[in-house]
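Okay, here's what each chain looks like letter by letter:
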Amino acid sequence: MSTQTTISTGFNVDWKRILFLSIGLILFIVVNFSPPWPDAIDPTGKHFVLSQQAKGALAVFLLGGTWWVFEVVPIGVTSLFMGILQAVFLIRPAKTAFQQMFDPSVVFIFASLVIGIVFTKTGLTRRLAYKMLAIVGEKTSMIYLGCFVVTAALTHIMAHTAVAATMFPLLLTVYGLYTDDFETPTRFGKGLFIGMAYVAGAGSIVTLLGAARGAVALGFYKELVGTDITFFQLAFYMFPIGWIMTFALWGFFMFFFKPEQKTIPGLREKAKKLSKAMGSITKNEIIAASIIFVCIFLMSIRPYVAILKPIDKSAIILTSTVLFFVIRILDIKDLESIPWNIILLFGGAMSIGFCLWETGAAEWIAINWLSMFKDSNWFVFVMSMSFLVMMLTNFIMNVAAIAIVLPVALVIGPYLGVGPDVITFSALVVAGMPFLLLVGAAPNAIAYDSKQFTTGEFFGYGIPASIILMIVTGIAVYVIWPLMGMKIML
């Protein structure tokens, strides 16, 4: 029986939508208005009270998660409602809740999406896509692999958000050579775009340039352990894990999203002809590429150059947006074409993420969870910590997930004889790959703009992908890192 029924007045009633709207609201009401919950107690005996505001943050978080997964309203509208709930139920001041919806990280995503538009408008996307297809050939399995390898490699030298924004229009061009019907989703389309999002995360764990989470984790490590983890030490241990996940995800998508066509006959020759027909590189392409390269270069060296260090990376990348309009590569129509639904989605994610953090709700969850494993086997403890980080990073900023869980885990670890390196590195692996929700990482939301998949599909396939991630993390902890010389036990 269909969940959508027509009643005598002529209106369509979507009972499935009403069900999940109601579930979200019921979860909010039950949690927000429930009696006080027990304190969380850390291994030193310190009590952490779950305040009414923190309980309210959990309530908003549950409503938002339910509505995001089942898309009962546009995902950007859910984000707005989460800000409204914080203000109306006095969980946080309205100024704080709504200001954080336009946090510098959200501005960074906006500027990254603009770069994607520039790549498409100038023709750089098509030029790059044709060159890549001429190399990887006509097999759709190899097209998958080629796109994934390029995505993962780029995240070693630039932020994964910028990589996703760069790759997205390129993948649209590739997909346009597979089918003319962009309205009807295909297995190949789902695999191509979800795969880009997943692999962007896998590649971003390898160096400090892929995302901010690495620098935050190493900061806590230095503060609590008293020694540094260098750029190259991080890359040494993370490189095999990032690339194992990249190829494992290729196998995953070949299994779950096996393309309808094994080959695209004549694709290589067609790509070569289309590339040749574009002629020499244009002035706008050179200018656009130069601006983008300079921005990426400045963001990459910023942590190591004293004069650049105080400047937020969002200001650097947003400068490129202004320049594109100043030199008239973009115009007002391009500004209006930006997917504001995606930007609002991330605005809401930032707001609820800060809300969980600032009210103490996330810390309460982390301490309750990790304390359950304080007397367990060392491997069980490390994997339980990794699982918690993986789940949290699907709902809140991965930087916040690291900031909440890692200090607690590094304090508990010595009681079990666990070395700080394995705790830090395993947390960084899972924090980079939120496979369940769009709000877990900007590449997830950027991929969603392809309209090839629903949030429910993303969540559903994210479950087996997350299981693969936990298995690979376990192998890294138990086998790969010890063989590479990492000190696992104290």
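For the structure itself, look to the data block above.
Residues numbered from 1 in each chain as written. Predicted model: local features only at pLDDT ≥ 70, side-chain atom pairs only at ≥ 80, totals over all residues. Heavy atoms only, no water.

Considerations on the overall build of the chain
Rule in force here: Runs of E in the DSSP output that reach at least two residues are strands. Runs of H or I that reach at least four are helices, and both are numbered from the N terminus. Only protein chains enter the calculation, and the probe is 1.4 Å; a residue is then buried if its accessible area is under 20% of its type maximum, exposed if over 50%, and partly exposed in between. Here, residues are in contact when the closest pair of their heavy atoms is within 4.5 Å. Where accessible areas are quoted, they stem from the Shrake-Rupley method and a 1.4 Å probe; at the residue level, only the protein chains shown are allowed to cover. Only four residue types enter the charge count: Lys and Arg as positive, Asp and Glu as negative, with His and the chain ends excluded. Every charge is mapped to an atom, namely NZ of Lys, CZ of Arg, CG of Asp or CD of Glu.
From N to C terminus, the chain includes 22 helices and four strands. Its C-alpha atoms put the chain at 70 × 70 × 45 Å along the principal axes. When each of the 490 residues of the chain is scored for burial, the buried share is 56%. Taking the intrachain contacts of the chain between residues at least 6 apart in sequence as the baseline, contacts between residues at least 24 apart amount to 78%. Accessible surface, the chain as shown: approximately 20800 Å² in total, 69% of it carbon and sulfur. Across the chain, 31 positive and 24 negative side-chain charges occur, with their mean positions spaced 7 Å apart.

Quick notes on the layout of surface pockets
In plain terms, the rule: Whether a set of points on the 1 Å grid over the protein atoms alone is a cavity depends on a 1.4 Å probe fitting there but being unable to get out, while an open set qualifies as a pocket with protein on both sides within 12 Å along at least five of seven lines; lining residues are those with an atom within 4 Å of a point. Grid points are joined across faces, edges and corners, and a volume is the space filled by probe spheres set on the points. Three categories are distinguished: nonpolar for Ala, Val, Leu, Ile, Met, Phe, Trp, Tyr, Cys and Pro, charged for Asp, Glu, Lys and Arg, and polar for the others, with Gly belonging to the last.
Here the largest pocket is characterised by a volume of approximately 570 Å³. Looking at the largest pocket, it is lined by 31 residues, and the ones nearest its centre are Ser105, Lys313, Met350, Asn398 and Val399. Mapped onto the lining of the largest pocket, the elements with two or more residues apiece are helix H5 (104–122), helix H8 (160–178), helix H10 (213–225), helix H14 (313–326), helix H16 (340–358) and helix H19 (398–412). The greatest single-element share of the lining of the largest pocket, amounting to five residues, is contributed by H16. The class makeup of the residues in the lining of the largest pocket is 19 nonpolar, seven polar and five charged. For the second largest pocket, the lining is made up of 19 residues, of which Phe119, Leu154, Ile157, Met158 and Ile296 are closest to its centre. Elements with a contribution of two residues or more to the lining of the second largest pocket: helix H6 (124–136), helix H7 (140–154), H8 and helix H13 (283–301). Counting residues per element, the lining of the second largest pocket draws most heavily on H13, at seven residues. Per-class residue counts for the lining of the second largest pocket are 17 nonpolar, two polar and no charged.

So, the nonpolar core
Quick reminder of the rule: Only buried residues count toward a nonpolar core, which is a set of Ala, Val, Leu, Ile, Met, Phe, Trp, Tyr and Cys residues joined through side-chain atoms within 4.5 Å.
With 169 residues, the main nonpolar core has Phe324 and Trp481 as its most contacted residues. Looking at this core element by element, the count peaks at twelve residues for H8. For Phe324, the residues in contact, after removing those within four places along its chain, are Val114, Ile115, Val118, Ala288, Ile291, Ile292, Ile329 and Leu330.

Section: the side chain of Thr122
Rule in force here: Any pair of nitrogen or oxygen atoms within 3.5 Å is treated as a polar contact; in protein, a donor-acceptor pairing is required on top of that, and neighbouring residues in sequence qualify only through side-chain atoms on both sides.
Along the chain, Thr122 falls in helix H5. In terms of polar contacts, Thr122 uses its side chain to reach the backbone amide nitrogen of Leu124, at 3.5 Å. Residues within four places of Thr122 in sequence aside, it is in contact with Thr282, Asn284, Glu285, Ala288 and Ile329.

A look at the packing of aromatic side chains
For any pair of aromatic rings, the description consists of the separation of the ring centres together with the inter-plane angle of the planes. Spelled out, the test is: Think of it this way: a Phe, Tyr or Trp ring, Trp meaning its six-membered ring, pairs with another when their centres are within 6.5 Å, and the plane angle makes it stacked under 30 degrees, edge-to-face over 60, tilted otherwise.
The final tally for this structure, using the stated rule, is 37 aromatic pairs. Look at Phe293 and Phe297: their rings are 6.3 Å apart centre to centre, the planes differ by 15°, and that puts the pair in the stacked class. Residue Phe293 and its partner Phe297 are both found in helix H13; the two are separated by four residues, about one turn of the helix. Take Phe297: its relative accessible area is 44%, and that puts it in the partly exposed class.

Overview of the side chain of Lys55
The following threshold applies: The working definition used for a salt bridge is a side-chain nitrogen of Lys or Arg within 4 Å of a carboxyl oxygen of Asp or Glu.
Looking at where Lys55 falls in the secondary structure, it is placed in helix H2 (residues 52–70). Buried charge Lys55 goes without a salt bridge, the closest partner of opposite sign being Asp39 at 12 Å. For Lys55, the side chain forms a polar contact with the side chain of Gln52, separated by 3.2 Å. Excluding residues that lie within four positions of it along the chain, Lys55 makes contacts with Val31, Asn32, Phe33, Ser34, Pro35, Pro36, Trp37 and Leu50.

Here's the deal with the pattern of salt bridges
Inspection of every chain in the model, using the stated rule, returns six salt bridges. For Arg92, the salt bridge identified is with Glu358, shortest N-O distance 2.7 Å. Of this pair, Arg92 sits in the loop between helix H3 (75–88) and helix H4 (94–99) while Glu358 sits in helix H16, placing them 266 residues apart in sequence. Note on Arg92: relative accessible area 6%, which makes it buried. Look at Glu358 and you get partly exposed, because its relative accessible area is 47%. Note that Glu457 is salt-bridged to Lys190, the shortest N-O span being 3.0 Å. Of this pair, Glu457 sits in helix H22 (residues 455–484) while Lys190 sits in helix H9 (residues 187–204), and the two are 267 residues apart along the sequence.

Details of the packing of helix H20 (residues 420–431) against H22
This is how it is decided: For helices, the fitted line uses only the C-alpha atoms of the stretch in contact; every axis is such a line through C-alpha atoms, and the angle between N-to-C directions lies from 0 to 180 degrees. Angle categories are assigned with fixed cut-offs, so that under 35 degrees is roughly parallel, over 145 is roughly antiparallel, 65 to 115 is roughly perpendicular, and the rest are oblique. Take the far helix as the reference: if the near one is turned anticlockwise from it by less than a right angle, the crossing is left-handed, and if turned clockwise, right-handed.
The geometry of H20 relative to H22 is characterised by a closest axis approach of 10 Å and an angle of 155° between their N-to-C directions. Comparing their axes, H22 and H20 come out roughly antiparallel. Like other packed secondary-structure pairs, H20 and H22 cross with a definite hand, here right-handed. Along the contact surface, H20 presents Val422, Phe425, Ser426, Val429 and Val430, while H22 presents Leu469, Met470, Thr473, Val477 and Trp481. Looking at the contact of H20 with H22 residue by residue, the classes come out as eight nonpolar, two polar and no charged.

Quick look at the environment of Phe33
Tracing the backbone through its elements, the reader meets Phe33 in the loop between helix H1 (15–32) and strand S3 (40–41). The class of Phe33 is exposed, set by a relative accessible area of 54%. The spatial distance from the C-alpha of Phe33 to the C-alpha of Ala59 is 9.1 Å, given a sequence separation of 26 residues. Not counting chain neighbours up to four residues away, the residues in contact with Phe33 comprise Lys55 and Phe89.

Observations regarding helix H18 (residues 378–392)
For clarity, the threshold we go by: One fewer than the residue count of a helix, multiplied by 1.5 Å, yields its expected span.
Helix length check: H18, at 15 residues, gives a terminal C-alpha distance of 21 Å against a target of 21 Å (1.5 Å per residue), a fit within 8%. By the criterion of burial, H18 is predominantly enclosed, with eleven of the 15 residues buried. Among the residues of H18, those classed as buried are Trp378, Phe381, Val382, Met383, Ser384, Met385, Ser386, Leu388, Val389, Met390 and Leu392. Its side-chain oxygen 2.8 Å from the backbone nitrogen of Phe379, Asn377 forms the N-cap of H18.

Some words on unusual backbone geometry
You will see that Leu90, though not glycine, has its phi angle at about 55°, which is positive. Summarising the element assignment, Leu90 is placed in the loop between H3 and H4. Owing to a relative accessible area of 66%, Leu90 belongs among the exposed residues under this scheme.

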